[in-house]
Amino acid sequence: MKIQNELKDQIIHYSKELRLPVFRNEYEDIAQESAKEHAQYEEFLLKLMEREYEERLENRKKELIRQAGFPSRMHLHDLKRDLLPPDAASKLPVLERLDFIKSGQNIVLAGNPGTGKTHIAVGLGLKACLQGYKVLFTTVHRLLTQLRESHSSRTLRQSELRFEKYDLVICDEFGYISFDKEGSELLFNHLSLRTGNKSTIITTNLNFDRWSEIFGDPVLTAALVDRMTHKAYLVNMNGDSYRVRETKEINQK
């Protein structure tokens, strides 16, 4: 009994040092299961390692979702696909395969408010996290504020390096605020870093011919549109607003 206790103490000690929580918490249960099944030692060890791996994988997914900074958990399976704009409904089955991330393609979801742009973007981002991709969700306003702060503190290059490493960046609410010349150039340069290498999803309520309204520079606007739309998925999100439809349904009851 004393030897067993010493062995148990040693297992707990080393599992703590090696940061193996499943080994520490589940080795006894798995050992008893293996003994009942007359499993070989290697089978017991493999089962224990598999459980440790599964736990770490699950924790990594949770951490990727946390770090992404999503405004809420809007999963693709929660979408009412029959109510989506036709173009979105037809393209979503292709987009949710996430092949666009592997090939570094962009997605632009453009249309009037309340049609599911952010929901689709976040849903794709969540699915990407669950498949091990590193994702960032940000609004254009928040991104521009961070860029200005980095520029002022002379840490812009560090911000650029971090931005380039994300497998997917979701840039929400493009078109709700206009920029001055410095802001336009900062945003243009930042988004251009990812062109052809990493994927970016933009949600916007403005058609491309109106992007110059927020950038204020036709040449800069044309260059950004060219970069963002090259081999990109352009999704027409014009349609009836979810929120307006839900409000009408409530008032008709």
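Residues numbered from 1 in each chain as written. Predicted model: local features only at pLDDT ≥ 70, side-chain atom pairs only at ≥ 80, totals over all residues. Heavy atoms only, no water.

Novice: Before we go on, may I ask you to explain the environment of Lys198 in this structure?
Specialist: Examined against the element boundaries, Lys198 turns out to sit in the loop between α9 (181-192) and β4 (199-204). Separated by 87 residues in the primary sequence, Lys198 and Gly111 place their C-alpha atoms 24 Å from one another. The residues contacting Lys198, other than those within four sequence positions of it, are Gly104, Asn106, Glu164, Lys165, Tyr166 and Asp167. Within the structure, Lys198 has its side chain in polar contact with the backbone oxygen of Glu164 (distance 3.3 Å). One polar contact links the side chain of Lys198 to the main-chain carbonyl oxygen of Lys165, over a distance of 3.4 Å. (Helix = DSSP H or I, 4+ residues; strand = E, 2+ residues; numbered from the N terminus. Contact = heavy atoms within 4.5 Å. Polar contact = N/O pair within 3.5 Å; in protein donor to acceptor, adjacent residues only side chain to side chain.)

Novice: Explain the packing of helix α2 (residues 21-36) against helix α3 (residues 41-68) here, please?
Specialist: Here α2 crosses α3 at 145°, and the two axes come no closer than 9 Å. For the crossing formed where α2 meets α3, the hand is right-handed. Between α2 and α3, the contacting residues are Pro21, Val22, Phe23, Glu26, Tyr27, Ile30, Ala31, Glu33 and Ser34 on the first element and Phe44, Lys47, Leu48, Met49, Arg51, Glu52 and Glu55 on the second. The residue makeup of the contact of α2 with α3, split by class, is 9 nonpolar, 1 polar and 6 charged. (Axes fitted to C-alpha atoms, helices over the stretch in contact; angles between N-to-C directions. Left-handed = near helix turned anticlockwise from the far one by under 90°. Nonpolar A, V, L, I, M, F, W, Y, C, P; charged D, E, K, R; others polar.)

Novice: What's the story with the packing of helix α8 (residues 156-165) against α9 in this structure? I'm lost.
Specialist: Geometry of a packed helix pair, given as the angle between the helix axes and the separation of the axes. Put simply, α8 and α9 touch, their axes get as near as 10 Å, and they point 40° apart. One way to sum up the angle between α8 and α9 is to call them oblique. Residues Leu156, Ser159, Glu160 and Phe163 of α8 touch α9, and the partners they reach there are Leu186, His190 and Leu191. Looking at the contact of α8 with α9 residue by residue, the class counts come to 4 nonpolar, 2 polar and 1 charged. (Parallel < 35°, antiparallel > 145°, perpendicular 65-115°, else oblique.)

Novice: Help me understand the environment of Arg24, please; the structure alone is not making it clear to me.
Specialist: Within the secondary structure layout, Arg24 lies in helix α2. Using a relative accessible area of 25% as the deciding quantity, one classes Arg24 as partly exposed. Sequence separation between Arg24 and Ile11 is 13 residues; the distance between their C-alpha atoms is 7.0 Å. (Buried < 20%, exposed > 50% of the residue type's maximum accessible area, 1.4 Å probe, protein only.)

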